Amino acid sequence: MPKRSWAEPFKIKMVELLKMTTPKQRKDAIKKAGYNTFLLKSEDVYIDLLTDSGTSAMSDRQWAGMMLGDEAYAGSKNFYTLEKAVKKYYGFKYMIPTHQGRGAENLLSQIMIKQGDIVPGNMYFTTTRLHQEMAGGTFYDVIIDEAHDSTNPHPFKGNIDLNKLDDLVKKFGAEKIPYVCVATTVNMAGGQPVSMENLKALRAYTHKHGIKVMLDMTRIAENAYFIKEREAGYSRRSIASIVKEICDQTDGATFSGKKDALVNIGGFLALNDEKKYEEASNLVVVFEGLHTYGGLAGRDMEAMAIGIEESVDENHIRARIGQVIYLGEALLDLNIPIVTPIGGHGIFIDAKKFLPHLEQLQFPAQALAAEIYEDSGVRTMERGIVSAGRNAKTGDHYYPELELVRLTIPRRVYTQAHMDVIAESVERVYKKRHKITGLEMVYEPTYLRFFQAKFKKL
Ligand SMILES: *Cc1c(COP(=O)(O)O)cnc(C)c1O
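Predicted model, so just to flag it, every value in this text is computed and none were measured.

Draft legend 1. Examining the layout of surface pockets more closely. Taken as a whole, the largest pocket holds about 1600 Å³ of empty space. Secondary-structure elements contributing two or more residues to the lining of the largest pocket are helix H2 (60-66), helix H11 (298-311) and helix H12 (314-333). The element that contributes the greatest number of residues to the lining of the largest pocket is H12, accounting for four residues. Partitioning the lining of the largest pocket into residue classes produces 16 nonpolar, ten polar and 15 charged. Each of domain 1 (23-52 + 314-457) and domain 2 (60-311) contributes no fewer than three residues to the lining of the largest pocket.

Okay, structure coming up:
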């Protein structure tokens, strides 16, 4: 055991001042936002746990990299720096930058999925599934059952159930399955990791059936940390080498640089197959821009390349996850029902257990997120029935087993004292939980409704 605590391997060079709001201001603000934390103004938020996406603090090295931006339309120097980083740390042969992760998901879905195809994955992610559906595919969840149980202690709740996958292969035929989509770590399950053993078993199974494996590698360094901590044979391995080994089990990946890679915008599609790369590098011109910038400024590519290197630093990842675990343990000490084991990028409160008097159609997680904001100005988000959306064919709501409020921790942004304030606020709301009422949806957008839906109190 290292003697030093998880304390941050950096010091603070610049600060951003925050507006402190009154209870009355917050009550008005959340009502005006239709009880949807996505529709709040950021200046009305004290501690912003809406997402860890694009909200990290860049290092001085990354900021210095921004000044090296080569803003040429074609063949920017920064593209080659990024390509080099992707080869070095992830091992993929080809890389196409995109404006963010979903741009890569669009390209991958368009080049791989045909009408009527089946795409299995370890739990859905909102934008990923939508792009698969828009390309004519149908998503099937093949995550292990333990992932749907918020307190099951399984150390790798992101694992794929190979029996579920085998059932799909038997039912539809391997030729209907272009690839299996594997996420590291699984966001919707509460930031739960996949084990290397499971990835290797998946590789062997899919190889036998001629099915590709595509990685949603958004939080791969965080997954690698859990493998190092929990999986036999990995405790002495470097995070960087584990990250590389994960990539080696796959044929390509979509990446949102806005998470692990510590930048505010950016992503890429990585592939090993030359033919598929050619198709994607042609298609990217339609949606994002030329294949050497993909909707990014040169400076963004430079900052992402530096962020990729920083993301696999042992002390960085230990402090990052250490802070998340610190908050999770504070909430567990207060008997707050959260998803356990504690995940990599945030704490997920079990809203069904927190507000057992509400039905799922009264949107308990949405209501709880609004309540926490009103209490303290801490902004969280819903990951339950609103996020799950509706079945594209039947029009019915999906009723996910997990009805969660996500407290996502931006990287290198908040302090331990902020974590204490968050825990105190959740405790206050917990004490008055019996008084919290449900919500009614009064406006529902067609796509990814959680972003823009509006509610009123019942
Ligand atoms: C954020 C995220 C994406 C999409 O990336 P964006 O950069 O937001 O477009 C895909 N998959 C997972 C698991 C994510 O967390």
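Text resumes after the structure shown.
Draft legend 2. Region of interest: the environment of Asn163. Among the secondary structure elements, Asn163 is positioned in helix H6 (residues 162-172). Sequence separation between Asn163 and Ala29 is 134 residues, and the spatial gap between their C-alpha atoms is 48 Å.

Draft legend 3. Up close: the packing of aromatic side chains. Summed over the entire model, instances satisfying the criterion amount to 14 aromatic pairs. Taking 4.9 Å as the distance between ring centres and 80° as the angle between the ring planes, the aromatic pair formed by Phe38 and Phe451 counts as edge-to-face. Separated by 413 residues along the polypeptide, Phe38 in the loop between helix H1 (23-32) and strand S1 (47-48) and Phe451 in the loop between strand S13 (439-443) and strand S14 (454-457) bring together distant segments of the chain. Geometrically, the ring pair formed by Phe363 and Phe455 is edge-to-face, given 5.3 Å between the ring centres and 70° between the ring planes. Linking Phe363 in the loop between helix H13 (351-354) and helix H14 (364-376) with Phe455 in strand S14, this pair joins segments that are 92 residues apart in sequence. Residue Phe363 shares its accessibility class with Phe455, and that shared class is buried. Aromatic ring contacts, followed pair by pair, group Phe38, Phe450 and Phe451 into a single cluster. Cation over ring: Arg383 sits above Phe450, and NZ or CZ is 4.8 Å from the ring centre. The side chain of Arg433 reaches across the aromatic face of Tyr430, ending 3.9 Å from its centre.

What counts, and at which threshold
- Residues numbered from 1 in each chain as written.
- Predicted model: local features only at pLDDT ≥ 70, side-chain atom pairs only at ≥ 80, totals over all residues.
- Heavy atoms only, no water.
- 1 Å grid on protein atoms, 1.4 Å probe; cavity = no way out; pocket = protein on both sides within 12 Å on 5 of 7 lines; lining within 4 Å.
- Points joined across faces, edges and corners; volume = space filled by probe spheres on them.
- Helix = DSSP H or I, 4+ residues; strand = E, 2+ residues; numbered from the N terminus.
- Nonpolar A, V, L, I, M, F, W, Y, C, P; charged D, E, K, R; others polar.
- Domains from an automatic or database assignment.
- Phe/Tyr/Trp six-rings, centres within 6.5 Å; stacked < 30°, edge-to-face > 60°.
- Buried < 20%, exposed > 50% of the residue type's maximum accessible area, 1.4 Å probe, protein only.
- Lys NZ or Arg CZ within 6 Å of the ring centre and 35° of its normal.

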